Amino acid sequence: MLNTPGQIDLIATQILLDAQAAIRGLELFNRSTDDAGKKVEILKSIIERVAAQMGGDLAKAAEVVAVFANGLTGIKKGAVEAALALAQLNAQMLAGGSNPKFAGFGNAQETNVAKESYDNFAKHTQIVADFQDKKDTWFEKDAANQNKIFEQTQAGYVAEEQAVAKLQKQKDDWWAKDTANQNKSFEKTIADYKSLEQAVPRVATQNFGNINSYIAQATNKVQAWKGVIKSVMAETGGSVEAVGTQLKKMVSGASVAPLNKAVKELGGNFENVAKKSKYSIDVIRTALGVLTAMLVNIVLSAFVNFFKTSIQGAMDLEKSLWRLRNAEIALSQQGVEISMKGLTKGAEEIAKRLEVFTSQEILEALSDASQGLAKFGFTEQQLLSLTEGVAIMAKVSNSGKTLEQIMNDVMTSLISPQGKSIASLNIGFGEVVMTAKALEKGFIKAGEAASDLTAEENRQVKYLIFLDEVNRNIDTMGEYLDTNTAKIEKNTVAWKNFSDTVGQTWNNLIPDMSNTFEYMQKNIEQMNFAQLISDTARLNKKAVEFSPIVTKMFWGIKLTKKETHKIIDLLSSMKPNDILKIFPDPAKIKNDQVREFVEFIVKLKETATELPDPLLPPHPTQEELDAFDKLQEELQQVAKDAVKAYDELRILTKQKYAKIELDLKLKLKDIDTEFAQKLEDLERELQQKLQDIAIETQQKIDDLKSQAREDEMRSELEFQQRMKELRQQFLMDLDDALHARDARQVLRLIKQYELDKKQALDKKKLDDKLRAEKLATDIKAAKLEEQRKIQEANREAARKEQELAIEKQREIDAANLKRRQELDALKLWNEQEMKEIQRHSLEKLTELIDAYNAEWDTHVQYQKDIAKLIADYVATNEAAMAHMYAYMASLYTGISSMYAGAQSMIGGLNYVAPSNSPQSIYGFAEGGSIIADKPTAAIFGERGRELVTFTPLDKTGRDVNKLFGDTSGIGTSGGRMLIEMLLSPDLEARVIENSLSRTAEIVARVSRSK
Amino acid sequence: MKAKLLNLQNALRLASILDKYIDEKTNANAEALDFVSAIVDKITPDEFLHCVNLISGETKEAIKQQISIDTLTCFVEGLRENQILSLVSFYRSLGLKNNA
């Protein structure tokens, strides 16, 4: 309900009085520094007053008071809660008919209880407040003590760190020296190293009870000890020696000798294990060396083979089309109605219907038929039907012959009058069949025989018989197309058609690719081989020695004899099969140097079979061989998976990169459009303003002219009136003079009248002239004013245009900054993904090797070697990938862009690695503000003067300047004040900088936004 | 009720009301509470309502429906939000006062 006018003042006054009371309450609170109880009492009163206005809701009132009080005095919420509790207690007591403040009100017991609880509460509050005060005082004053505590704490940390470092060093020392005790996995060893002394007696006792009694009861004591040692070793992971040493501590006398023997015998076995492990290492080393080289081969070969096959397919296709074209020309010359278009279209349709033949195969068969049958009068449709028929029969006949072979068989039988059958298809052209068909088609009459047919009729009859046979097999073909074999063939055909298309494209782009591919293949072979040398040298710890040779090989520089022998020596440790995995067919290697090497090594190996292979174990079991083969296969699979993952990552990175670039492009386009629009608006505004100025000036001139005309008319009227008055005066005076018969007076009057008239006329002329001059001056002034306004409007427009340009540049900079940040993030992501792939591969490889080690009981020293091999392998793996991509990029611009999209973008970002500083340093050259929720470094003023203020957010503070602005300007003079006006959307304005006042320079900054 | 950042016109209106209650020699180290208290003690009910009306954008009728402490909180927030000391200083520098 609205208040009546009479109530307005009362309510407003009440509001103000309430406000004053609340403020006074806070002031009271502030002044009651020594009495916490009083403070709470004051807050309670404020809460109660506010609650009275809120329908008695104390809790709600407390919330409101907490906000208000904290805003002005920094009173903590806890204090308000205490006051609320007090208010609620009072309210409860009042509701129960009691009042703790007035003795004798209500029953005595209740009063006493209430009074006691109130006193306790007040006391408690007092204690809390005192404690708080003391704590605050201590914090403020006892800085020395605080420092001491801090230093003690810090010293504690330092001591702890030192202890950790000491432990770490002990661990490192142990790891470096105590190789004998490392016959187990690292983690397990660490654990056992610490606890072997406890673990051995515990495990031995658990498994065998009293160890002395157990051994004493055994018939073969050495064997019994061996069992104990193995069992304890299995559970604790300790070495034979370590477990033996611990066990020795548990036994006495007679048991020691068999224990020593058992340890010795187990140590002998250990030697055997070590030999086997050595063999394992060699195999793994070889496998990894081969794998690295294969990795390069996998991807490169895939590229090369695809394009090679594609181009070969396309060339075959072209060849077929060329032959078909020749046939078509020949047939057309003979008057046969045939067209290239009809033939190729027909071939395509056949390929589409039969699905299991490629377009190229059908075209080849058709071109054979066209060429072979051209001069025998077969029509276009007959050639197509024949080709389709041959294709169908090739699939359903089970003759094992190709389409081309069957086409040749069919053509031979058709062309030759003596041809009595198509043997491969089991189709006979016997006399009876031929005669029947010839009769049916009207080539011969009744009583005539097939032998009466002309050569051409003979061919046509055979053709028709062949088609009948085809028709009989069409259903079989349908069934065949539904088989799984046919489905696989269809897929193959689809792929072949695709690769032919790709090949055609490449042929169009690069007419003669074969040389390029040969060159490429040679280079790949050379690079591949150089990579193999590099890896093998590295794995044999001869990387430095072979580095110049590998470099020479990479660059295709001829090797010296000595270098050649060195390579042969190095590669002689490899098995021919391993080399053949990289170069399956040495004879087809195009690079002469590589081919000679490979052939030589393979041949050398093949002819030297009688020599023992240093890598083969003395007597490898089939089981061992199978295990190595399996391991090798699995390692290869890991490598392949890694390649796939890298590839996917590259594609994904490229896509993300493209999106960032596209976003930037769109943003820049938007900015362009927006600012073009703003410029248009500006131009329109200017034109409007100029038009307004012109209209205003014209209006002013019109007004001046109109005023001048009015003045002229008024002057004319006055002149006429004056003339009239002069005349009337003259006539009256003349009449008097005539009555007086005073001729002299008459003459004087006439003279005077003429003179007055002349003077009045002269005066009028003078006035007219002055008015005209004034009008001209006013018009001139109006035009000058117009010019001034036009210049002002143009200046204003130019200034706005300049502002727009700055704003546009700022937006472009922001968009570019965003792009850079996104690219940084992408780079980071890519790096993490790369690491993840590497980590995953390493993990998988480690897992495989670990499993292998566990199964074949490999010695820990060799385990370490294997781990190193894997690490090297992963590093090589990445290097090989990078090398390969770079190489491909140098050959093809298309692939270059693909690679550059991911790699150069990532590599060329001028990425700055984060410093060791835990926080980023923010720059504010363009202005800005941040909320700092932890210690934060910032740079400002790097591009000129900047205003910096820091406002704590978690406490309001009581400084009037912080709350209500700077008072330094009051009462002084000079200086500068900056006002920011945000004209849209809420037309805000604020004083954002104020150094001085009174005669201050006022700088207005206007921002206009949509 | 929420205190708003005022546009220039309303900010100057607010400054013109409070100008006479803000001492030119306001001590930079003064307590915020004393500062507000000095204003609230001297301001008239109508002026107080007008200030809150400018600061909150609510009508005077709506303000009267609020509880008093909310109104006062809004007033104090408004002074803080609009940097009243800077604003008054600016207002004085413009020479817009009637007796200037």
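Rules used throughout
Residues numbered from 1 in each chain as written. Chains lettered and ligands numbered in written order. Predicted model: local features only at pLDDT ≥ 70, side-chain atom pairs only at ≥ 80, totals over all residues. Heavy atoms only, no water. 1 Å grid on protein atoms, 1.4 Å probe; cavity = no way out; pocket = protein on both sides within 12 Å on 5 of 7 lines; lining within 4 Å. Points joined across faces, edges and corners; volume = space filled by probe spheres on them. Helix = DSSP H or I, 4+ residues; strand = E, 2+ residues; numbered from the N terminus. Nonpolar A, V, L, I, M, F, W, Y, C, P; charged D, E, K, R; others polar. Phe/Tyr/Trp six-rings, centres within 6.5 Å; stacked < 30°, edge-to-face > 60°. Buried < 20%, exposed > 50% of the residue type's maximum accessible area, 1.4 Å probe, protein only. pLDDT = per-residue confidence, 0-100. Contact = heavy atoms within 4.5 Å. Salt bridge = Lys/Arg side-chain N within 4 Å of Asp/Glu carboxyl O. Core = buried A, V, L, I, M, F, W, Y, C linked by side-chain atoms within 4.5 Å. Polar contact = N/O pair within 3.5 Å; in protein donor to acceptor, adjacent residues only side chain to side chain. Expected span 1.5 Å × (residues − 1). Axes fitted to C-alpha atoms, helices over the stretch in contact; angles between N-to-C directions. Parallel < 35°, antiparallel > 145°, perpendicular 65-115°, else oblique. Left-handed = near helix turned anticlockwise from the far one by under 90°.

(A) Representation of empty space enclosed by the protein within the structure. Residue and element names in this part refer to chain A. Across all of its chains, the model carries four cavities of 30 Å³ or more by this definition. What the second largest cavity holds in volume is close to 50 Å³. If you go around the second largest cavity, the residues you meet are Glu696, Thr697, Lys700, Ala782, Glu785, Glu786 and Lys789. For the lining of the second largest cavity, the elements supplying multiple residues, two or more each, are helix H24 (622–739) and helix H25 (743–856). Element by element, the count of residues in the lining of the second largest cavity is highest for H25, at four residues. Counted by class, the lining of the second largest cavity contains one nonpolar, one polar and five charged residues.

(B) Structural view of the packing of aromatic side chains. Residues and elements named next belong to chain A. Going through the model one piece at a time under the given rule, you end up with four aromatic pairs over all chains. With centroids separated by 5.6 Å and ring planes inclined at 75°, the aromatic side chains of Phe378 and Tyr463 adopt a geometry described as edge-to-face. With Phe378 in the loop between helix H13 (359–373) and helix H14 (380–396) and Tyr463 in helix H17 (residues 455–481), the pair connects residues that are 85 residues apart, well separated along the chain. Residue classification places Phe378 among the buried residues on the basis of a relative accessible area of 1%.

(C) Layout of the confidence of the model for chain A. All names here are of chain A. Of all residues in chain A, 54% attain a pLDDT of 70 or more, and the chain-wide mean is 69. pLDDT under 50 marks residues 502–517. Its contacts with residues more than four places away, or in other chains, come to 23 contacts. Confidence drops under pLDDT 50 across residues 981–1010; counting only partners more than four residues distant or on other chains, this segment forms 93 contacts.

(D) Broad picture of the pattern of salt bridges. All names here are of chain A. What the rule picks out here adds up to 33 salt bridges over all chains. The shortest N-O distance in the salt bridge between Lys758 and Asp762 comes to 3.3 Å. Here Lys758 and its partner Asp762 are both found in helix H25, four residues apart, which amounts to about one turn of the helix. With a relative accessible area of 51%, Lys758 lands in the exposed category. Taking the relative accessible area as the measure of exposure, Asp762 reaches 39% and is therefore partly exposed. Its salt-bridge partner being Arg799, residue Glu796 comes within 2.9 Å of it at the nearest N-O pair. Here the residue Glu796 and the residue Arg799 both occupy positions in helix H25, the gap between them amounting to three residues, near one helical turn.

(E) Looking closely at the nonpolar core. Among the nonpolar cores identified, the biggest contains 67 residues, and Leu18(B), Leu72(B), Phe75(B) and Ile84(B) are the most heavily contacted of them. The leading source of residues in this core is helix H3 (residues 58–73) of chain A, at nine residues. Sequence-distant contacts of Phe75(B), defined by excluding residues within four places in its chain, comprise Leu18(B), Ile39(B), Val40(B), Phe48(B), Cys51(B), Val52(B) and Ile55(B). Ala438(A), Ala450(A), Tyr463(A) and Leu481(A) belong to the second-largest nonpolar core, a separate cluster that totals 49 residues.

(F) The side chain of Gln382(A), seen in detail. Residues and elements named next belong to chain A. Mapped onto the secondary structure, Gln382 falls in helix H14. In this structure Gln382 comes out as buried when scored by relative accessible area, which is 16%. Among the polar contacts listed, one links the side chain of Gln382 to the side chain of Gln460, at a separation of 2.8 Å. Those residues within four positions of Gln382 in sequence are excluded, and the remaining contacts are Gly377, Gln460 and Tyr463.

(G) Structural view of H3(A). All names here are of chain A. Between its terminal C-alpha atoms H3 stretches 21 Å, which fits the 22 Å expected from 16 residues at 1.5 Å a residue. Among the residues making up H3, those that are buried are Leu58, Ala61, Ala62, Val64, Val65, Ala66, Phe68, Ala69, Gly71, Leu72 and Thr73. Here H3 starts with a cap whose side-chain oxygen sits 3.3 Å from the backbone nitrogen of Ala59, and that cap is Asp57. Downstream of H3 by a residue or two, Gly74 has a phi angle that is positive, lying close to 80°.

(H) Just the packing of helix H3 (residues 45–56) of chain B against helix H5 (residues 68–81) of chain B, in detail. Residues and elements named next belong to chain B. At their nearest, the axes of H3 and H5 sit 9 Å apart, and the two run at 65° to each other. Judged by the inter-axis angle, H3 sits roughly perpendicular to H5. Pair H3 / H5 crosses with left-handed handedness. Mapping the contact onto sequence places Phe48, Cys51, Val52, Ile55 and Ser56 in H3 and Thr71, Leu72, Cys74, Phe75, Gly78 and Leu79 in H5.

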